[in-house]
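Chains, contacts and geometry: an overview
For reference, the chains in residue letters:
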Amino acid sequence: MIFSSTLPNSNDGYVAAAYIVFFAIVLIYVAIMAVRLGRVERRVRELGAPTRDRDADIPSHPETAAAENEDSPTHTQERETV
Amino acid sequence: MSPSHQIVDEGEPHVILPGAAHVPTGTASASSALVPVKTSRTIAAILRKELLVELRTLESVPGMSLFAVSTFVVFHFALNRTTVSGDLAAGVLWVTLLFAAMLGVNRLFVADAEQGGFDGLLLAPVDRTALLIAKALTLGAYLVMLELVAVPAFALLLSPPLGTGLGGLVAVLALADIGLAAIGTLIAALAVQTRARDLLGPLLALPLLVPVVIGAARASSPLLAATAAGASAHAAWPATRWLLLLGLYDLVFGLIAYAVFDFLLED
Amino acid sequence: MPRPTLRTLSVLTVLAFCVYLPLVFFYAPIEAEEGFVQKIFYLHVPLAIVTLCGFVLGGLFAIAHLRTRDSVWDLRSYVAIHMSLIFGVGVLITGSIWAHASWGHWWVWSEPTLVSFLIVMLLYATYQPLRFAIEDPERQARYASVFAIVAGAFVPMNFLAVRLSSSYLHPRVLGSTSNLPAPMGYTFLVSLLAMALLFATLCMYELAAKRTRILLKSRSRILGYQ
């Protein structure tokens, strides 16, 4: 790892590196989710449908219930990158 | 071979599984109702079919055994040694057995998937878990036959100091075979209906089998240890903790395989 | 979408981290043996515990899925495992950094927890390839649940096996969590809570995102788009 050559001799750098790596992972994840959210919102705008639906979890229409049930978590057209 | 299935209501229900001769199963009942077949008879029937098919086609066991012997030769060149002992011997033996087992796992359900064996089983009035048990017994039998070739080959080619440790080694092999058979069968059934089945099978099975490798290799290592005097004054029986680990693994994953197998067969 | 719950969780997580980080760096005493480097303990170990619980949770949700045949449970199982995989990468990296800081090597076989983690990660890394290799959605969910159950049971078994196999001659590199003095103990508990909250929040977030996408797909299909 590149950290070893740029750190000062004391071991404090390692602690910082560890915490930085952790936060970097979390931030990268949030960033990827934000990008995906942007994509979803764009598609929703294209459809002209409202983004917020209070009863989204509870399918109120038979056709949406059927459509939702046939989808699996990873069986989406937009392949997940993470 | 197309899948064929008939229930003949003439006293004795016949169930025809692909690739086998007529196998009369179930109790002789005069009624025309379908009588569920006893699980033990189903297991016996499937097991007999598997072993018959293997005997006639020689698909799995010769390949596994040949692979094991070739791997020992490769190890000789890779390690640049004429003899191995202790940890090294245990490692070479168990890695080879593990990968040879993977070959058997890959082939275990292929015929059933391609020739409708799963459908035949689903249509028959039998307990589906019988397939798991029969296939696990089959894989276990293949492993035993593999070891009957591989262990003497190992002793011959790489001359580990075995001697009095043979009995202990047999015990370790037996316990490890149970674990290999249970997990191997489950993963084989899981992988066979996916796209990259030959790759996914070993990929799934190898991490799952690490505890077996740990237990088996650590147990075998003192049995194969060399001594300074050259005489086999090493341990004759493996340490209890490894046998307990292997036994616990066999129990836990045997039960889990039994519990979830049904869900793999639905359609 | 359960927005209030996600918002509450996020707020709680941020609060927890605001307590957790100062505790680690200003309250917990410097450990005698390892010095300042020991602070990684409050990051790596809670991360590891939460990850392992996540994997086991994935297995439990999978059991619920197989019993109820409700795809919601499969979704939850998938998200739990997926999140644990991400956290697990963090565990391995922070563990490696800690190993290098304490022992000079980027990888140590004598630390059983780290080794078990590697094996568990190698197993769960096959989860997504398995899912993608099955096209039929119902079968994909079913097979993934079977895998999640087997793998969930594997996690404790594997830890036992590796723990048994580690040599007692070498002292454990990264130290154990028993016999902690009180300030360290409190800090550790807070860090565990913070990590658990973070895990739950991110899972909620991911679940909400997935549900939205599924809903979007079904709505767009109804409206005739593809």
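Residues numbered from 1 in each chain as written. Chains lettered and ligands numbered in written order. Predicted model: local features only at pLDDT ≥ 70, side-chain atom pairs only at ≥ 80, totals over all residues.

Description of the overall build of chain C
Here is the rule we go by: Working definition: helices are DSSP H or I runs of at least four residues, strands are E runs of at least two. Numbering for both runs from the N terminus. Burial is judged by counting other C-beta atoms within 10 Å of a residue's own C-beta: 20 or more means buried, 12 or fewer means exposed, and anything between counts as partly exposed, with every C-beta placed from the backbone.
On a plain count of helices and strands, chain C comes out with seven helices and zero strands. With the C-alpha coordinates aligned to their principal axes, the bounding extent of chain C is approximately 65 × 40 × 30 Å. Considering chain C as a whole, with its 226 residues, one finds that 51% of them fall into the buried category.

Some points on the overall build of chain A
Across its full length, chain A holds three helices and zero strands. The N-to-C order of helical and strand elements in chain A reads α-α-α. Within chain A, the fraction of its 82 residues that count as buried is 11%.

So, the nonpolar core
The condition that has to hold: Think of a nonpolar core as buried Ala, Val, Leu, Ile, Met, Phe, Trp, Tyr and Cys residues, each tied to the set through C-beta atoms within 7 Å. A pair of residues counts as a contact when their C-beta atoms, built from backbone coordinates, are within 7 Å of each other.
Ranked by internal contacts, the top residues of the largest apolar core, which has 155 residues, are I187 and L190 of chain B together with F147 of chain C. The biggest single contributor to this core is helix α7 (residues 166-192) of chain B, with 17 residues. For F147 of chain C, the contacting residues outside a window of four places in its chain are L190 of chain B together with Y127 and L130 of chain C.

Notes on helix α10 (residues 240-265) of chain B
Let me state the cut-off plainly: Helix span is expected to be 1.5 Å times the residue number reduced by one.
For α10 of chain B, spanning 26 residues, the distance from its first C-alpha to its last is 37 Å, which sits close to the expected 38 Å at 1.5 Å a residue. Those residues of α10 of chain B that fall on the buried side of the exposure criterion are W242, L245, L246, Y249, D250, F253, I256, A257, V260, F261 and L264 of chain B. Looking at the buried positions of α10 of chain B, the neighbouring elements they touch are α6 (129-158), α7 and α9 (210-220) of chain B together with α6 (137-165) of chain C.

Side note on the environment of L47 of chain B
Residues and elements named next belong to chain B. Checked against the element boundaries, L47 lands in helix α1 (residues 39-57). Sequence spacing of L47 and S159 is 112 residues, and the spatial spacing of their C-alpha atoms is 36 Å. Discounting chain neighbours no more than four positions away, the residues touching L47 are A134, L137 and T138.

Comments concerning the confidence of the model for chain C
All names here are of chain C. Convention followed: Note on scores: pLDDT gives the predictor's confidence for each residue, bounded by 0 and 100.
Summarising the model, chain C shows a mean pLDDT of 86, and 92% of its residues fall at 70 or more. Looking across chain C, the model is least confident in helix α1 (residues 3-27), with a mean pLDDT of 82, and most confident in helix α2 (residues 41-68), with 93. For this predicted complex, the interface score ipTM comes out at 0.84, alongside a pTM of 0.80.

A short note on the interface of chain B and chain C
At the junction of the two partners, chain B supplies 23 residues and chain C supplies 23 residues. It is α10 of chain B that provides the largest number of residues to the side of chain B that touches chain C, a total of eight residues.

Focus on unusual backbone geometry
Of all residues except glycine, most have a negative phi; of all peptide bonds, most are trans. Of note in this structure, S159 of chain B is not a glycine but carries a positive phi near 40 degrees. Tracing the chain through its elements places S159 of chain B in the loop between α6 and α7. Accessibility expressed as a C-beta count within 10 Å gives 14 for S159 of chain B, which makes it partly exposed. In this structure, R69 of chain C takes a positive phi of about 60 degrees despite not being glycine. Summarising the element assignment, R69 of chain C is placed in the loop between α2 and α3 (71-103).

Structural notes on α3 of chain C
Residue and element names in this part refer to chain C. Compared with the 48 Å implied by 1.5 Å per residue over 33 residues, the 46 Å span of α3 between its first and last C-alpha is a close match. Across the 33 residues that make up α3, a large majority, 26, are buried. G104 occupies a position one or two residues after α3 and carries a positive phi of about 90 degrees.

What to know about the environment of S71 of chain C
Residue and element names in this part refer to chain C. Within the element layout of this structure, S71 appears in helix α3. The class of S71 is buried, set by 20 C-beta atoms lying within 10 Å. Along the primary structure S71 and W98 are separated by 27 residues, whereas in three dimensions their C-alpha atoms are 40 Å apart.

Topic: the environment of S96 of chain C
All names here are of chain C. Checked against the element boundaries, S96 lands in helix α3. C-alpha of S96 to C-alpha of L114: the two residues are 18 residues apart in sequence and 8.5 Å apart in space. Once you skip the residues sitting within four places of it in the chain, S96 turns out to touch W106 and W107.

Re the confidence of the model for chain A
Residue and element names in this part refer to chain A. When pLDDT is averaged across chain A, the result is 65; 45% of the residues are at 70 or more. Between residues 58-72, whose pLDDT stays under 50, and residues either more than four places distant or in other chains, the model counts 22 contacts. Within the model, the stretch residues 75-82 combines pLDDT values under 50 with ten contacts to residues more than four positions away or in other chains.

Digging into the packing of α2 of chain C against helix α7 (residues 182-222) of chain C
All names here are of chain C. Using the following cut-off: Whenever a helix is involved, its axis is fitted only over the stretch in contact; in every case the axis is a line through C-alpha atoms, and angles between N-to-C directions fall within 0 to 180 degrees. In this scheme, roughly parallel covers angles under 35 degrees and roughly antiparallel covers those over 145, while 65 to 115 is roughly perpendicular and the rest are oblique. Left-handed describes a crossing in which the near helix is turned anticlockwise from the far one by less than a right angle; the clockwise case is right-handed. Residues are grouped as follows: Ala, Val, Leu, Ile, Met, Phe, Trp, Tyr, Cys and Pro are nonpolar; Asp, Glu, Lys and Arg are charged; every other residue, Gly included, is polar.
In contact at an axis separation of 9 Å, α2 and α7 are set at 45 degrees when each is read in the N-to-C sense. As the angle between them shows, α2 and α7 are arranged oblique. Along this stretch, α2 crosses α7, giving a crossing that reads as right-handed. On the side of α2, the interface is formed by Y42, P46, L47, I49, V50 and G54, while α7 contributes T187, F188, S191, L192, M195, A196 and F199. Across the contact of α2 with α7, the residue classes break down as ten nonpolar, three polar and no charged.

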